[in-house]
Amino acid sequence: MSAIVEKLLVNQLDGMIEIPEILSFTCNDRSQLLDQLKVLQMVLRKERNKNEGNSISVTNNQLTKAQSSLNSKDVQEKVERHKKATTQKRQDKLKQMDIEAEALSRALSNKEHESSENIKTRKRTQSSAGSATKKMKEVNIESNKHSKESQQISDDSQSSSTSKKQSQSTGKGTSLMDMYEQCDSEKSRKEVREKAIRMMRQSGYDVSVVEPGEFALKYALSAPYHLFFTRVEKAKETYNQKFSITFPEILDRSLGEIVNSLHLNFMVDVGWLCLQYLLAGQRTDMMILYGDRVDQESLGCNITMIHVDMPSAFGCHHTKIMILQYKDDGIRIVVSTANLYSDDWENRTQGLWISPHLPLLPESANSNDGESPTNFKKDFERYLSKYRHPALTQWIWIVRKADFSAVNVYFVASVPGTHKNVDVDFWGHRKLAQILSQHATLPPDAPQWSIIAQSSSIGSLGPNYESWLSREIVSSMSRETTQGLKSHPKFQFVYPSIENYKRSFDFQTLSSCLPYSLKVHSKQQWIESYLYQWKATRTGRNRAIPHIKSYTRISPDLKSIPWFVLTSANLSKAAWGAQRSNYYIMNYEAGVVFLPKFITGTTTFTIEDEEDPAVPIFRIPYDLPLCRYDSADSPFVNEFFSTHS
């Protein structure tokens, strides 16, 4: 087998790996083969480069050794050695600060609203942050070229007037957007990346980045869950965690060269987003569907911005999805809880699921080919189609032609509107209920397995626990394969208290991503009986306010869960849906459901650290056991700022 692998890799140690259409051995999963080859490529490349100037040939013995090391029981030890080596490399090159730390605006809107309850985003402009933003925008890279005006492109439904020319440009140098447009080769991308880092340092910012070209190994070792939490700038213990991630790592070139990307999100800072591509050494055509744009960068012709019009004034385009298309025509899907602007990637707790590489199906494939065991492809395509926007047609076709067979999670989304008949079970908590009814297996003591909800906002839930929360959400999340009448489990809700906020990194900048209002809370103070504090010392994120949203059930001994949901959906009717005369949803939302049946072949995930677990533990974002609010404490509300200003 090593001789076969040698033929695949011997001339591909430094570039993109291409797998021949016809292989001399049986391969049931080309996507998995590609991921394995990428890891092997890095191992061999590092071995080759140990002695600079010496030509090191790739032999069968080396291949066998590399494969053995990847497959041995000592893989964890290898990961630790790799981690220490890369850590030292970063420390030698860059200071220990996150690239997003002070990259762009701290004067951006810092609150994401739950608009279904008419909670408006409160944008707090800080004078120090404002000067930092201006300073960042006025920086120019030394260049013989004068900065050019970037042409604003308008889509068929939006005016270009909302994007103003960059007023701070001095006309001497190159702007971020100019730099982004100039990345037309691997050499220029490397040069521009170095310029971007120098620009940050010259602006007075300490810069640290994860070295490009190494994320494929971290991704491979994240199997079988591929679940990550964002690295926290001010919590150094999160820097070297194998489950921590920075934005440029998502775009890392070790996963492939990106040629096209789609971003579906709520709040977007285009300049910041382009900077992330620069730092990853990537440049791509980009389409962005958004709810609220928080910058005024001029746009190049390779960036298309489309504002999502909501059918209801109280609805919100709250989804956070990326589709990355690579040079080999394969794609990768990222489902996240973070907006596309700096604050959400600095000192908050966010979650991401990153799909495997999804290769292009052969031309002879049927329309139903390439489906995952979880029907992810069909559900995802249905979601994109609900936008009914012509610009998404190309992306629907890209999804349709991709092989999703390696995907092992379910896709659960919400789309605004009234849903009837069979359409009811496609969206929101009704979709989740259907999935759990078919695939969630619990023991006879299921009523003792508590439901834990965790989100960054709370909608208007009604006058009591039974009016919506118990009747719809708890009911749907209590579903399992065993039929019959059972009492509802205990419901627990993790939401930051005022004391949590005071101890957080957000409090230091007087920013917040928790748009819950005192007016709404005053009508539903009963929720306090179900509230628990945010505690996350186990993952080093105790002071990183959670913008992540997650839902699960947990065993009485706090060691196992039968499923886990990572989603953009806060605990609200707008996000999950409510039954009126018909089933009604106001928001766009998107998430994934992890079920042991499709991932580990078991009935539960282990969530407690063990010395030698049969399968990797599933990492949840908060500490257990949960901790109730102190008697004098209360949930964080927006009005905190007016009383503490």
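Residues numbered from 1 in each chain as written. Predicted model: local features only at pLDDT ≥ 70, side-chain atom pairs only at ≥ 80, totals over all residues. Heavy atoms only, no water.

Novice: Explain the UniProt feature "binding site: substrate" (unreviewed entry) in the protein chain here, please?
Specialist: The feature "binding site: substrate" (unreviewed entry), as given by UniProt, occupies Lys 320 and Lys 549 in the numbering adopted here. Of the residues just listed, which span 230 residues, no C-alpha pair is farther apart than 11.7 Å, and they cluster in one region. As for its position among the elements, Lys 320 is in the loop between β7 (303-307) and β8 (321-326). Exposure remark for Lys 320: the relative accessible area of 1% places this residue in the buried category. Residue position: Lys 549 is located in strand β18 (residues 549-554). By relative accessible area, Lys 549 is classed as buried at 0%. Lys 549 has contacts with His 318, Thr 337, Gln 454, Ser 455, Ser 456, Val 565, Leu 566, Thr 567, Ser 568, Ala 569 and Asn 570, leaving out every residue within four places of it along the chain. In this structure the side chain of Lys 549 is engaged in a polar contact, spanning 3.2 Å, whose partner is the side chain of Ser 456. (UniProt positions renumbered as here; feature names shortened; annotations may be inferred. Helix = DSSP H or I, 4+ residues; strand = E, 2+ residues; numbered from the N terminus. Buried < 20%, exposed > 50% of the residue type's maximum accessible area, 1.4 Å probe, protein only. Contact = heavy atoms within 4.5 Å. Polar contact = N/O pair within 3.5 Å; in protein donor to acceptor, adjacent residues only side chain to side chain.)

Novice: Is there a simple way to explain unusual backbone geometry in this structure?
Specialist: Leaving glycine aside, a negative phi is the common case for residues, and trans is the common case for peptide bonds. At the junction of Ala 223 and Pro 224, the peptide bond is cis and its omega measures out at 5 degrees in the coordinates. With respect to the helices and strands, Pro 224 occurs in the loop between α8 (215-221) and β1 (227-230). Note the cis peptide between Leu 624 and Pro 625, where omega equals -5 degrees. Relative to the helices and strands, Pro 625 is located in the loop between β24 (605-606) and α20 (640-643). A positive phi is found at Asn 421, a non-glycine position, where the angle reads about 55 degrees. For Asn 421, the position within the fold is in the loop between β13 (417-419) and α13 (428-439). Given the relative accessible area of 71%, Asn 421 is considered exposed.

Novice: Just checking my understanding: could you explain the pattern of salt bridges for this structure?
Specialist: When charged atoms on two side chains of opposite charge get close, those side chains can pair. Counted by the stated rule, this structure contains 13 salt bridges. For the salt bridge of Glu 249 with Lys 218, the shortest nitrogen-to-oxygen distance reads 3.0 Å. Placement of the pair is Glu 249 in helix α9 (residues 247-250) and Lys 218 in helix α8, with a sequence separation of 31 residues. Relative accessible area serves as the criterion here: at 18%, Lys 218 is assigned to the buried category. Between Asp 295 and Arg 293 there is a salt bridge whose closest N-O contact spans 2.8 Å. Exposure class is identical for Asp 295 and Arg 293. Each is buried. (Salt bridge = Lys/Arg side-chain N within 4 Å of Asp/Glu carboxyl O.)

Novice: Looking at this structure, how should I read the sheet that holds β8?
Specialist: In any sheet, the strands associate via hydrogen bonds between backbone groups, in a parallel or an antiparallel arrangement. Reading across from one edge, β2-β1-β11-β9-β8-β3-β5-β7 is the order of the eight strands in this open sheet, with mixed pairing throughout. Every interior strand has two partners, whereas the edge strands, β2 (244-245) and β7, have only one. Pairing between strand β5 (residues 285-290) and β7: five bridges, direction parallel. Pairing of Tyr 290 across the sheet is with His 307, part of β7. Across the sheet, helix α11 (residues 376-385) touches β3 (258-264), β8, β9 (331-336) and β11 (351-354), and the angle it forms with β8 is around 110 degrees. (Pairing = 2+ DSSP bridges. Axes fitted to C-alpha atoms, helices over the stretch in contact; angles between N-to-C directions.)

Novice: Is there a simple way to think about the pairing of strand β15 (residues 491-494) in this case?
Specialist: Regular strands place side chains that alternate from one sheet face to the opposite one. Burial along β15 is two-sided: the residues Phe 491 and Phe 493 and Gln 492 and Val 494 are all buried. For strand β14 (residues 450-454) and β15, the ladder comprises four bridges, and the chain directions are parallel. Residue pairing in the sheet places Ile 452 in a bridge with Gln 492 of β15. For the crossover from β14 across helix α14 (residues 469-477) to β15, the handedness is right-handed. Relative to strand β16 (residues 531-532), β15 runs parallel, the two sharing two bridges. Among the inter-strand pairings, Phe 493 is bridged to a residue of β16, identified as Leu 531. (Right-handed = clockwise from strand over helix to strand, strands pointing away.)

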